[in-house]
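Now for the letters of each chain:
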Amino acid sequence: MAPSSSFPIIDLGLLDGEERPAAMDLMRDACENWGFFQILNHGISTELMDEVERLIKDHYKRVREQRFLEFASKALTKDGGGDAKAAAENLDWESTFFVRHLPESNLAEIPDLDDGYRRAMRRFAGELEALAERLLDLLCENLGLDKGYLARAFRGPSKGAPTFATKVSSYPPCPRPDLVSGLRAHTDAGGIILLFQDDRVGGLQLLKDGEWVDVPPTRHSIVVNLGDQLEVITNGRYKSVVHRVVAQPDGNRMSIASFYNPGSDAVIFPAPALVKDEEAAEAAYPKFVFEDYMKLYVRHKFEAKEPRFQAFKSMETDSSNRIAIA
């Protein structure tokens with residue numbers, strides 16, 4: 001396993017001073033060569049982050065822990081019989097639920113959450129939404145795109161809003177980390193992902209130059225990674241990167257991953273400014289509707305992304321002509 005000492009960590013506070021060019025260069029290098037980076041001084045209060053962490057860990061302990069352990073243990077052993085290795089192939093040692101924020105919130109509909117949890121999550125989501133939009137504009141600046149280009153690309157023609165949701169996960173101690181992953185290797189389908197992860201229990205790794213690299217747990221930081229849609233829009237300048245979560249025999253890892261994605265009817269294609277003149281007739285990446293991409297992704301999440309891109313490469317679509325994936 002490769003060391004994580006060179007993992008890119010960016011202090012957003014430097015963007016307001018004379019060190020801004022160096023910080024922007026570090027972000028550009030991270031997007032081009034890592035697909036991941038970690039940010040400090042991102043503007044979200046440590047008090048709010050501590051409150052969210054406390055509420056999530058308490059909720060898991062009270063409501064979800066026993067339920068998950070009973071289910072996962074049975075799944076791993078096929079109710080006590082059969083081949084444990086075979087049973088583990090399609091199992092992630094992860095207890096999770098999703099909260100949708102945009103275009104409409106479903107926070108009020110999720111059971112077992114008290115009012116304090118809902119209020120904190122609503123505040124946290126608002127802060128993350130603003131941070132995602134700020135980061136997209138920073139990416140535009142590094143790419144030489146007009147300010148707001150990426151945010152506009154994420155807005156579908158009818159709903160006019162991106163999709164934004166949070167995956168709340170716990171990774172309990174695993175009795176067979178030799179057999180089962182916390183989360184199997186994959187790239188993320190969407191746009192820009194903001195992760196508030198446990199600072200005491202690690203496990204998140206990304207694949208770089210053929211080696212798995214630890215994403216270091218750092219208190220009050222936000223880990224940023226790029227999804228498949230940004231790879232397409234940047235015409236491959238930035239890449240989505242394969243990552244996984246390694247199951248741990250000790251500790252209980254918290255993960256709050258928020259996905260700022262295109263609207264379901266957004267038409268995704270390489271930014272014309274990033275397509276070289278000699279490639280103008282045929283960009284390196286396809287054009288498709290985000291919802292259609294997601295239909296394909298959910299069936300092939302844990303497979304290579306390139307066949308997904310290739311499935312759309314020869315197809316042309318716009319907001320009124322939807323591609324049907326059988």
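Basis of the calculations
Residues numbered from 1 in each chain as written. Predicted model: local features only at pLDDT ≥ 70, side-chain atom pairs only at ≥ 80, totals over all residues. Heavy atoms only, no water. UniProt positions renumbered as here; feature names shortened; annotations may be inferred. Helix = DSSP H or I, 4+ residues; strand = E, 2+ residues; numbered from the N terminus. Buried < 20%, exposed > 50% of the residue type's maximum accessible area, 1.4 Å probe, protein only. Contact = heavy atoms within 4.5 Å. Areas by Shrake-Rupley, 256 points an atom, 1.4 Å probe, with all protein chains shown as cover. Pairing = 2+ DSSP bridges. Axes fitted to C-alpha atoms, helices over the stretch in contact; angles between N-to-C directions.

In the nomenclature of an unreviewed UniProt entry, the protein corresponds to 1-aminocyclopropane-1-carboxylate oxidase 1 from the organism Digitaria exilis. As recorded by UniProt, the Pathway (unreviewed entry) comment attached to the protein reads in full: "Alkene biosynthesis; ethylene biosynthesis via S-adenosyl-L-methionine; ethylene from S-adenosyl-L-methionine: step 2/2." The Sequence similarities (unreviewed entry) field of the UniProt record for the protein holds the comment "Belongs to the iron/ascorbate-dependent oxidoreductase family."

Engineer: Whenever I open this one, the overall build of the protein confuses me. Can you help?
Structural biologist: When you go through the protein residue by residue, the secondary structure sums to 8 helices and 13 strands. Sorting the 326 residues of the protein into buried and exposed places 51% on the buried side. The contacts in the protein between residues at least 6 apart in sequence include a share of 80% that link residues at least 24 apart. Within the structure as shown, the protein displays about 14900 Å² of accessible surface, and the carbon and sulfur contribution to it stands at 49%.

Engineer: What exactly am I supposed to notice about the sheet that holds strand S2 (residues 36-40) here?
Structural biologist: Picture the strands of a sheet paired through backbone hydrogen bonds; they go either parallel or antiparallel. An order of S1-S2-S9-S6-S11-S4-S3 is seen for the 7 strands of this open sheet, with the pairing classed as mixed. Strands at the two margins of the open sheet, each flanked by one partner only, are strand S1 (9-11) and strand S3 (95-102). When the angles between neighbouring strand axes are averaged without regard to direction, this sheet yields 25°. Relative to strand S11 (residues 253-261), strand S4 (residues 163-171) runs antiparallel, the two sharing 9 bridges. Bridging across to S11, Phe164 finds its partner in Tyr260.

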